[in-house]
Amino acid sequence: MNGQAKAGFALIAALVVCGFGTIVAPRLEPAQRRADREADRHVEKARRLLASYNPSLHMTSLLIADLAGSNVDLTLKDAGERIGGEEFQAIYGEELEAALGHFDPEGKYQPRGGTESQIREGIALQERVLADNSKLLKEALDAVESALSVEVGGATTAQHVTGNRLKGVILYHQARQEARRAALARAAINDPLSALSSLAERVRAVQPATSVVTTSRIDEQLAAVQEQVSAAEADRAKLAAESASINASITRLEGQLAQARAAADSARAAMDDLLSRGQDFSRPEGFEAFKAEYERHADAYQAALKAAHMAEFGAYADAGVDPPGDYVDGKLVAVGGGGSLSPSLGLNHYRAALNRVTDAMKLVGATLVDLTDRKARLTADKAEWAAQEKAAGDTLASLRGEGAAALERLIALDAQASEYEATAISLFKRSAQSFKTAFDGAEGRLREAAERAREVSPTQAEFSAYTLMSEASDVVYHLRTEQAEALAGEAWILQQAHASARDQQNVVNSAAELLQLPGDVVTRLSEAVQTRLEQGRQAAQAASEVLQSVHGQLSGHWTVTAGYAGTSYLFVLFGDLGLLAEVRENYRSALDGRDDAPLTAPLKERLDVLERR
C-alpha cells in the first residue's frame, strides 16, 4: 500500500472514529442509560424548584387566609386618627424591615411613597411571594413526572431512583401543606364545640325554670287550700243555719217570756187589787168568793211565773222526783216511769248557744279570710311561675336552635377538615409509594453493584464504582425510613382526626339530651372514633413494620430509633399506654449525644412533654 493510500485510509479511519463515532456512538449507547440521562435533566430542574420552595411561607399563607375570614375591621374610623409617617416608622420600622427581609431576602424591593402606600405595596408583595411559592411544588412535581415518564428505545424511567425519591419528597411537602390546612380546620372546630358546651350549660341552668310550677307542687297546695276553704265555707253555712235556728228559738221564747210576764203582771195586779179592796162581808158568801177569786188569780200568777221561768231557764216538763220524793237528793225521772227525759230549753241556753255559734262564725270567718288571702297569693305565685316557665321555655327553644346551628357548623367544619385530611392521606400514601419505588430501584442496583464488585479484581476493587455503590447500602436503606416517615404522616393525620372525633363525641354526648341533638349524630361520631382509631393504628403499624425491615441493615441508626419512638408514641395516643416507658427510652436513646443538635430539637421537645406525663 503506497503512502497516499495509507493516508486516505488513515483519514477514513479518523472520520470513522471521530465523525461517524460521534454520530453512531449515542445510538450504540444502551437505551436505559440514555433514558436515565434524559430523566436526570428533568430531575435536576425539579430539584432546583424544590430547593427554592419555602415550607414556612405556606404556613404563613394559611394563617393569613384564616385571619381574612375573621371579619375584623382594621380601618381607621376617623381620618384624624391616622398617625404620621415618621411616627409610624418610629413604632413599626423594625417590623417593616423584618417583614421585607422575610418576603424579599434579596433586597430587590425598595419602599417608595407614603406610609400607607408602602403598606399596600408590602401586602401586594407578600401575596405575590406566597403565590409564587405555592407554584413551586406543582412545577417541581410536573418536572419530576416528566422525568419518570421518559421512554427511549423501549427503556423507561419509571424506576428512576432519584426521580422517585424526589417525587416522594415533593408529595411529602404537599401532604404537609394539606395536613396544616386540615389542622387549621380542626382548630376551627373548637369554636362550635365550645359553643355546644356553653349552650348545654346554659340549658342546664335554665331547665329547672321550665318546670317550676310542677316541682313547686303549687297545684297541690292550691287544691289543699281550696279544700280547706270549702270545709270552712261548709262550717260557716252550718253555723249560719244553726244561728238562724237558735235566733228563731230565742224569738219564740222571748215572745213566750214576754207573754208569761205580762200574764204574771196582770194576775199580780188583780191579786193586789183584790187585796186592796178586801172581802165583801155584806154578802154571806163573800169570803168564799174572795178566796176563790184570789186563788184563781194566784194560780194564774203561779202559772205565768212558771211559764216565764221555763221560757227563760227551761225545765224538764215531764220529769218528777224519784220516790220517796227527796227534792234534795232525789233523781229526776220521767213521769210514769217510762221513756227518757226531754228537757225544754230556755232563753239562757239559746243565748249561750248563740254566743258560741257567733264566736265560732267569727273564727271561721277569720279562717276564711286567711285561706282566701293564701289562695290569692298562691294563685299569683302560680301565674308568675307560669310566666317564668314560658320565658324559660322560649329561652330553651332559642338555645336549642343555637345548638342545632352550632352542630351544623361543627359538621360542616369536620367535613372540610376530613376533606383536607383525605387529600393529605392520599398524598402521604403516594409519597410512601414513591419512596418504596425508589428503594426497590436502588436495592436492585445495589444487588447489581454487589455482583459486579465481586467480578472486579482485587487490585482494582478500591477504585471500582461498583465497590463504592455496594458499600453505600446505608443511603439506600434510608429510603425506607423516608417511606416510614410518610406512612407515619398518614398515621398522625388519622390520630388528629381520631382525637377530634373523640372530643366531638364527648361534647355532643354530654350536650345531646340537653340540646335535643339528633341521635344519629352521636352514633356517627362513635363510628368515626372507632374507624379513625383502627385506620390510625394500621398506618402506625405499617410505618413500624417498614422501620423493622431495615433495622438490621442500618445497625440501630438513631433516626430509626427516633422513628420507632414516633410510631410507638402514636400507639400510646391511640390508647396503648403500656408503651409509654418504651417511647421515653427510645427518645432518650435517639438523643444520646445529640441534645444540642438543631435536627433533634423536636425530639427533645417531645421527650420533655413525655417526661411530664
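Here the structure is shown first, and the text comes after it.
Now for a quick tour of the structure.

Rules used in this analysis
- Residues numbered from 1 in each chain as written.
- Predicted model: local features only at pLDDT ≥ 70, side-chain atom pairs only at ≥ 80, totals over all residues.
- Heavy atoms only, no water.
- Phe/Tyr/Trp six-rings, centres within 6.5 Å; stacked < 30°, edge-to-face > 60°.
- Helix = DSSP H or I, 4+ residues; strand = E, 2+ residues; numbered from the N terminus.
- Buried < 20%, exposed > 50% of the residue type's maximum accessible area, 1.4 Å probe, protein only.
- Lys NZ or Arg CZ within 6 Å of the ring centre and 35° of its normal.
- Expected span 1.5 Å × (residues − 1).
- Arc of directions from axis to C-beta.
- Contact = heavy atoms within 4.5 Å.
- Polar contact = N/O pair within 3.5 Å; in protein donor to acceptor, adjacent residues only side chain to side chain.

1. With respect to the packing of aromatic side chains
Then comes step 1: As enumerated under the stated definition, the model contains three aromatic pairs in all.
Then comes step 2: Aromatic pair tyrosine 172 and phenylalanine 428: ring centres 5.5 Å apart, planes at 70°, arrangement edge-to-face. Taken together, the residues tyrosine 172 in helix H6 (residues 161-188) and phenylalanine 428 in helix H11 (residues 347-455) connect sequence positions 256 residues apart.
Then comes step 3: When its relative accessible area of 2% is taken as the criterion, phenylalanine 428 is described as buried.
Then comes step 4: Over the ring of tyrosine 420 we find arginine 181, and its NZ or CZ is 5.6 Å from the ring centre.
Then comes step 5: Across from the ring centre of tyrosine 301, 5.6 Å away, lies the NZ or CZ of arginine 268, which sits over that ring.

2. A closer look at helix H16 (residues 580-591)
Then comes step 1: Taking 1.5 Å per residue as the helical rise, H16 with its 12 residues ought to reach 16 Å, and the 17 Å between its terminal C-alpha atoms agrees with that figure.
Then comes step 2: For H16, the set of buried residues is Leu580, Val583, Arg584, Asn586, Tyr587, Ala590 and Leu591. Buried positions in H16, seen along its axis, are confined to an arc of 165° and lie on one side of it.
Then comes step 3: On its buried face, H16 sits against helix H15 (558-573) and helix H17 (601-611).

3. Focus: the side chain of serine 431
Then comes step 1: By the element assignment, serine 431 lies in helix H11.
Then comes step 2: Each residue touching serine 431, except ones within four places of it in the same chain, is listed here: Gly168, Leu171, Tyr172 and Ala486.

4. Topic: the side chain of glutamine 483
Then comes step 1: Here glutamine 483 lies in helix H13 (residues 473-515).
Then comes step 2: In this structure the side chain of glutamine 483 is engaged in a polar contact, spanning 2.7 Å, whose partner is the side chain of arginine 480.
Then comes step 3: Discounting chain neighbours no more than four positions away, the residues touching glutamine 483 are Ala432, Phe435, Lys436 and Val546.

Read these as geometric descriptors, not functional statements.
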